[in-house]
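Below, each chain spelled out in residue letters.
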Amino acid sequence: MALAAVVLASSCAVVVTTTRLHDDRHDFTARPKGTAIVIGDSVGYGLTVAGGIAHQLAMDGWGPVRSHAQVGLHAAPESPTDGNTVVHRVAAFASIGLKPKVAVLVIGANDVGYPGGADVARNVRRIETAMKSLGQAPVVWTTIVHKNTAGMNAWNAALRDVATRFPNLRVCDWAAEVVKHHGWVEHDGVHMTVGPHGGYVGMRNFVAGCVRAIA
């Protein structure tokens, strides 16, 4: 059953819809740095719900903030009917007039499970397709942590490769950061731990630092 909440605080309106499969929220308040969007998979879901990345961006002066995280989300369409992608989500945001000044992407863990997930060249094409849909806005894209080491390394290598050709792409190297904090990763090797000192809080602080470095 979906859990929906509408929160009103002074002139600020935040709409949040959360289920166990997705989290969608829109903070409508305009702030000095402009519109920020967050697009994530299940790791991004944890970063939003347990880590509070959308709220942190608002505190850092971004707004409106539009966030969508969904279990199974990945970078680019694998078939003509594949809508569970960054490309589809960017198009949906654009259809309501959102023109981001920054985009935060927590995507890649699911791409490892697709055919060619350990193929750097194929992952490059996936990432480039997503980047082209995002236009010229600065993009902060996290590296992934995954129990499939070959796939993780291939994805992260592809992300760094794409960044050499897309000057608006900043690789936020979460995989390197989490090595320093082994307790931040769940037993599944993909997701982060929850709690006030857990991995998602650490991830929020790290990702927010990557965003601050570009604006």
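See the structure above.
Here's what I pulled together on the structure shown here.

How each quantity is defined
- Per chain, the residues get numbers from 1 upward, laid out in the order the sequence is written.
- Reporting of local features is limited, given that this is a predicted model, to residues whose pLDDT is at least 70; pairs of side-chain atoms are given and counted only at 80 or more, and all residues count toward the totals for whole chains, interfaces and linings.
- Each side-chain value is worked out from all heavy atoms of the structure, with water and hydrogens disregarded.
- Throughout, an axis means a line fitted to C-alpha atoms (over the contacting stretch in the case of helices), and angles, computed between N-to-C directions, take values from 0 to 180 degrees.
- Helix and strand assignments follow DSSP, with helices taken as H or I runs no shorter than four residues and strands as E runs no shorter than two, numbered in order from the N terminus.
- An angle below 35 degrees is read as roughly parallel, one above 145 as roughly antiparallel, one from 65 to 115 as roughly perpendicular, and any other as oblique.
- Note on convention: near helix rotated counterclockwise from far helix by under a right angle means a left-handed crossing. Clockwise means right-handed.
- Should any heavy atoms of two residues lie within 4.5 Å, those residues are considered in contact.
- Nonpolar residues are Ala, Val, Leu, Ile, Met, Phe, Trp, Tyr, Cys and Pro. Charged residues are Asp, Glu, Lys and Arg, and all others, Gly as well, are polar.
- Only protein chains enter the accessibility calculation, which uses a 1.4 Å probe; a residue whose area is less than 20% of its type maximum is buried, one above 50% is exposed, and one in between is partly exposed.
- Strands are treated as partners if at least two bridges between them are detected by DSSP.
- Planes of paired rings set the category: under 30 degrees apart is stacked, over 60 is edge-to-face and the rest tilted, where pairs are Phe, Tyr or Trp rings (Trp by its six-membered ring) whose centres lie within 6.5 Å.
- A cavity here means a set of points on a 1 Å grid, drawn over the protein atoms and nothing else, where a 1.4 Å probe fits but cannot get out; a pocket is an open set with protein on both sides within 12 Å along at least five of seven lines, and a residue lines either one if it has an atom within 4 Å of a point.
- Grid points are joined across faces, edges and corners, and a volume is the space filled by probe spheres set on the points.
- Take a side-chain nitrogen of Lys or Arg and a carboxyl oxygen of Asp or Glu: if they are within 4 Å of each other, that pair is a salt bridge.

## Things to note about the packing of helix α4 (residues 120-134) against helix α5 (residues 149-163)
Point 1. Look at α4 against α5: their axes get within 8 Å of each other, and the N-to-C directions meet at 50 degrees. The orientation of α4 relative to α5 falls into the category oblique. Crossing handedness for the pair α4 and α5: right-handed. Packed against α4, whose contacting residues are Val-120, Asn-123, Val-124, Arg-126, Ile-127, Glu-128 and Met-131, the element α5 presents Ala-154, Trp-155, Ala-157, Ala-158, Leu-159, Asp-161 and Val-162 at the interface.
Point 2. Across the contact of α4 with α5, the residue classes break down as ten nonpolar, one polar and three charged.

## As for the pairing of strand β5 (residues 65-70)
Point 1. For β5, the tally of buried residues reaches five of six residues, placing the bulk of the element in the interior.
Point 2. Across six bridges, the pairing between strand β3 (residues 22-27) and β5 is antiparallel. Across the sheet, the residue bridging to Asp-23 is Ala-69, located in β5.

## Section: the packing of aromatic side chains
Each aromatic ring pair is described using two quantities: the centre-to-centre distance and the angle formed by the ring planes.
Point 1. Per the counting criterion, the structure on display carries three aromatic pairs.
Point 2. Geometrically, the ring pair formed by Trp-141 and Trp-155 is tilted, given 6.3 Å between the ring centres and 55 degrees between the ring planes. Taken together, the positions of Trp-141 in strand β7 (residues 139-142) and Trp-155 in helix α5 put the pair 14 residues apart, joining distant regions of the chain.
Point 3. These aromatic residues form a ring-pair network of at least three members: Trp-174, Trp-184 and Phe-206.

## Details of the environment of Ile-53
Point 1. By the secondary structure assignment, Ile-53 is in helix α2 (residues 53-59).
Point 2. A C-alpha to C-alpha distance of 21 Å links Ile-53 and Ala-92, two positions 39 residues apart in sequence.
Point 3. Setting aside chain neighbours within four positions, we find Ile-53 in contact with Val-38, Leu-47, Thr-48, Arg-204, Val-207 and Ala-208.

## With respect to the layout of surface pockets
Point 1. Space inside the largest pocket adds up to approximately 190 Å³.
Point 2. Lining the largest pocket are 14 residues; nearest its centre among them are Val-14, Asp-27, Ala-54, His-55 and Ala-58.
Point 3. For the lining of the largest pocket, the elements supplying multiple residues, two or more each, are β2 (12-18), β3 and α2.
Point 4. At four residues, α2 tops the list of elements feeding residues into the lining of the largest pocket.
Point 5. A per-class count over the lining of the largest pocket returns seven nonpolar, four polar and three charged.

## A look at the pattern of salt bridges
Point 1. All told, the structure shown has ten salt bridges when counted by the stated rule.
Point 2. Where Arg-25 meets Asp-23, a salt bridge forms, and the shortest distance between an N and an O atom there is 2.7 Å. Asp-23 shares its class with Arg-25; the two are buried.
Point 3. Counted as one network, the salt bridges with shared partners bring together Glu-78, Arg-122 and Arg-126.

## Looking at the packing of helix α1 (residues 42-49) against helix α7 (residues 199-212)
Helix-helix packing: each pair is described by the crossing angle between the helix axes and the interaxial distance.
Point 1. Their axes nearest at 8 Å, the elements α1 and α7 cross at an angle of 90 degrees. The angle between α1 and α7 places the two elements in the roughly perpendicular class. In contact with Ser-42, Val-43, Gly-46 and Leu-47 of α1, α7 contributes Tyr-200, Met-203, Arg-204 and Val-207.

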